[in-house]
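Read off the chains here:
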Amino acid sequence: MQVLEGQTLSPPPIWLMRQAGRYLPEYREVRAKAGSFLDLCYTPDHAVEVTLQPIRRFAFDAAILFSDILVIPDALKRNVRFTEGHGPEMDPIDVDGIARLDGSRLLQHLEPVLETVRRLRGALPPETTLLGFCGAPWTVATYMIAGHGTPDQAPARLFAYRHPKAFETLLMLLAELSADYLVAQIDAGADAVQIFDSWAGVLGAREFEAFAVKPMARIIRSVKQRRPNAKVIAFAKGAGYQLKDYRQKTGADAIGLDWSVPLDFAVELQKDGPVQGNLDPMRMVAGGVALEEGIDDILQHLGNGPLIFNLGHGITPQAAPENVRLLVERVRGGRA
Ligand code: 1CP
């Protein structure tokens, strides 16, 4: 929270995207017990447990609520399911489907997630930041339109060109619901929130403005109007040079950086405020020198300004928990 307010801390605080997940045997155990992935997200006992697991093991400075960005389409009755080995799937939406979307029961549907946040704030050490989150409208829309994950989001890009009005309606509805959801998470005890625009990198310049920047700015404005002290981290993966004025245009407090962002450019971005990132998650799999030199590069470039140490994207199931321990120790200067 101090870094989000603009302070420089040495050593910097650290947490990892997807820090609760399949690389941890204790997660796999709860996951197997819970039944479906959505059952895991909607059962506070289980969701609290898997959120706390990485905190117990590694004493990260932040816990991130265990849930998924696709609980919003689930609340919108898109028949979301997570089948083993397939990734997320849902019913693909069309122009008529967009006109019929009804978000009026969003917070009732997501009450178990809000209960998880309440319990987590009580269970976590006071010095551990609790992060809430949601997906950015563009990223959530890519799944709603294709009905599943795609490598290049071609279905959503095509839909946006063919049906600009319906697409705008979808993005603005998602922005409004996301803001309500984030405010509810903050009221339930989240100290700060992160908005994931994981697929921002496939957008052309004009589309980045319209589909990534504008809805992100709208969510942040709405949250801050209602909760003026709220802190927001915006993560637009793959946005590259377009990050130049992203903080100023969206109103985000901190900017998440994927591993493709050059560190000298990251230094420029850090002059305007806190940054978070950006170790390549594959360095967590490789370990050894690859891990050490990646950590040292980030600390050398960004350690003298407001930095939240993190990966450039989520940790993968292949990462060794032992490498996470080495990472935390090295960032903290040998102290675990
Ligand atoms: O069975 C399993 O365990 C499924 C794996 C899994 C996990 C652990 C999924 C399915 N979601 C999650 C949890 C999750 N998802 C968190 C939990 C908190 C933490 O970080 O520890 C968060 C923040 C997310 C966010 C999320 N879900 C994003 C944005 C961040 C990112 O990784 O880019 C996205 C794009 C999703 C969709 C999603 N959910 C699950 C998968 C495998 C995917 C990606 C599908 C694809 O590649 O298109």
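One structure accompanies this document, and this report is about it. Nothing here was measured: the structure is a model prediction, and the numbers come from that model.

Criteria and cut-off values
Residues numbered from 1 in each chain as written. Predicted model: local features only at pLDDT ≥ 70, side-chain atom pairs only at ≥ 80, totals over all residues. Heavy atoms only, no water. Buried < 20%, exposed > 50% of the residue type's maximum accessible area, 1.4 Å probe, protein only. Helix = DSSP H or I, 4+ residues; strand = E, 2+ residues; numbered from the N terminus. Arc of directions from axis to C-beta. Contact = heavy atoms within 4.5 Å. Near = heavy atom within 4 Å. Polar contact = N/O pair within 3.5 Å; in protein donor to acceptor, adjacent residues only side chain to side chain. Areas by Shrake-Rupley, 256 points an atom, 1.4 Å probe, with all protein chains shown as cover. 1 Å grid on protein atoms, 1.4 Å probe; cavity = no way out; pocket = protein on both sides within 12 Å on 5 of 7 lines; lining within 4 Å. Sits in = over half its atoms within 2 Å of the grid points. Expected span 1.5 Å × (residues − 1). Pairing = 2+ DSSP bridges. Right-handed = clockwise from strand over helix to strand, strands pointing away. Axes fitted to C-alpha atoms, helices over the stretch in contact; angles between N-to-C directions. Left-handed = near helix turned anticlockwise from the far one by under 90°. Nonpolar A, V, L, I, M, F, W, Y, C, P; charged D, E, K, R; others polar.

Focus: helix α16 (residues 321–331)
Here is step 1: Of the positions making up α16, those classed as buried are N323, V324, L327, V328 and V331. Axial view of α16: buried residues confined to an arc of 140 degrees, hence all on one face.
Here is step 2: Looking at the buried residues of α16, the elements they touch are α3 (44–58), β8 (275–279), α14 (281–286), α15 (288–302) and β9 (307–311).
Here is step 3: Once α16 finishes, G333 follows within two positions and takes phi at roughly 70 degrees, a positive value.

Focus: the site of the ligand
Here is step 1: The environment of the ligand is formed by 23 residues, the closest being Y27, R31, Y143, S198 and H313.
Here is step 2: A distance of 3.1 Å is found between an oxygen atom of the ligand and a backbone nitrogen or oxygen belonging to A20.
Here is step 3: The separation between a nitrogen atom of the ligand and a polar side-chain atom of D68 is 2.7 Å.
Here is step 4: Bound to the protein, the ligand loses 87% of the 890 Å² it would expose on its own.
Here is step 5: The site holding the ligand turns out to be the largest pocket.

Observations concerning α15
Here is step 1: Between its first and last C-alpha, α15 extends 22 Å over 15 residues, near the 21 Å set by a 1.5 Å rise per residue.
Here is step 2: Taken residue by residue, α15 has L291, G294, I295, I298 and L302 as its buried positions. On an axial view of α15, the arc spanned by its buried residues comes to 95 degrees, and they lie on one face. Of the exposed residues in α15, those oriented more than 90 degrees away from the buried face are V289 and Q300.
Here is step 3: As for α15, its buried residues are in contact with α13 (263–270), β8, α14, β9 and α16.

Things to note about the pairing of β8
Here is step 1: Across the five residues of β8, five count as buried, placing the element largely inside the fold.
Here is step 2: Where strand β7 (residues 254–257) lies against β8, three bridges are found, and the strand directions are parallel. Each residue of the ladder has a partner; that of L257, found in β8, is G277.
Here is step 3: A crossover connection joins β7 to the parallel β8 through α13; in handedness this β-α-β unit is right-handed.
Here is step 4: Pairing geometry for β8 and β9, over five bridges, is parallel. Residue pairing for β9: G277 is matched across the bridge by F309.

Regarding the packing of α13 against α15
Here is step 1: Interhelical geometry of α13 versus α15 gives an angle of 40 degrees and a closest axis separation of 9 Å. α13 and α15 meet at a crossing whose hand is right-handed. Side by side, α13 and α15 meet where L263, D264, A266, V267 and Q270 of the first sit next to D297, I298, H301 and L302 of the second.
Here is step 2: Considering only residue class, the contact of α13 with α15 consists of five nonpolar, two polar and two charged.

Concerning the environment of Q242
Here is step 1: Following the sequence through the fold, Q242 ends up in the loop between β6 (232–236) and α12 (246–250).
Here is step 2: We classify Q242 as partly exposed; its relative accessible area is 24%.
Here is step 3: Taking the C-alpha atoms as reference points, Q242 and A200, 42 residues apart in sequence, are found 9.9 Å from one another.
Here is step 4: If near-sequence neighbours (up to four positions away) are discounted, Q242 is found in contact with L203, G204, A205 and F208.

Some thoughts on the sheet that holds strand β1 (residues 62–64)
Here is step 1: Taken together, the seven strands give an open sheet; going across it, the order is β1-β4-β5-β6-β7-β8-β9, and neighbouring strands pair in parallel fashion. The outermost strands of the open sheet, each flanked by one partner alone, are β1 and β9. Along the sheet, successive strands turn relative to each other by an average axial angle of 25 degrees, direction set aside.
Here is step 2: Note that β6 and β7 share three bridges and pair parallel. Bridge pairing in β7 links F235 to G256.
Here is step 3: Along the sheet, helix α10 (residues 164–188) contacts β4 (129–135) and β5 (192–197); its crossing angle with β4, the most-contacted strand, is approximately 165 degrees.

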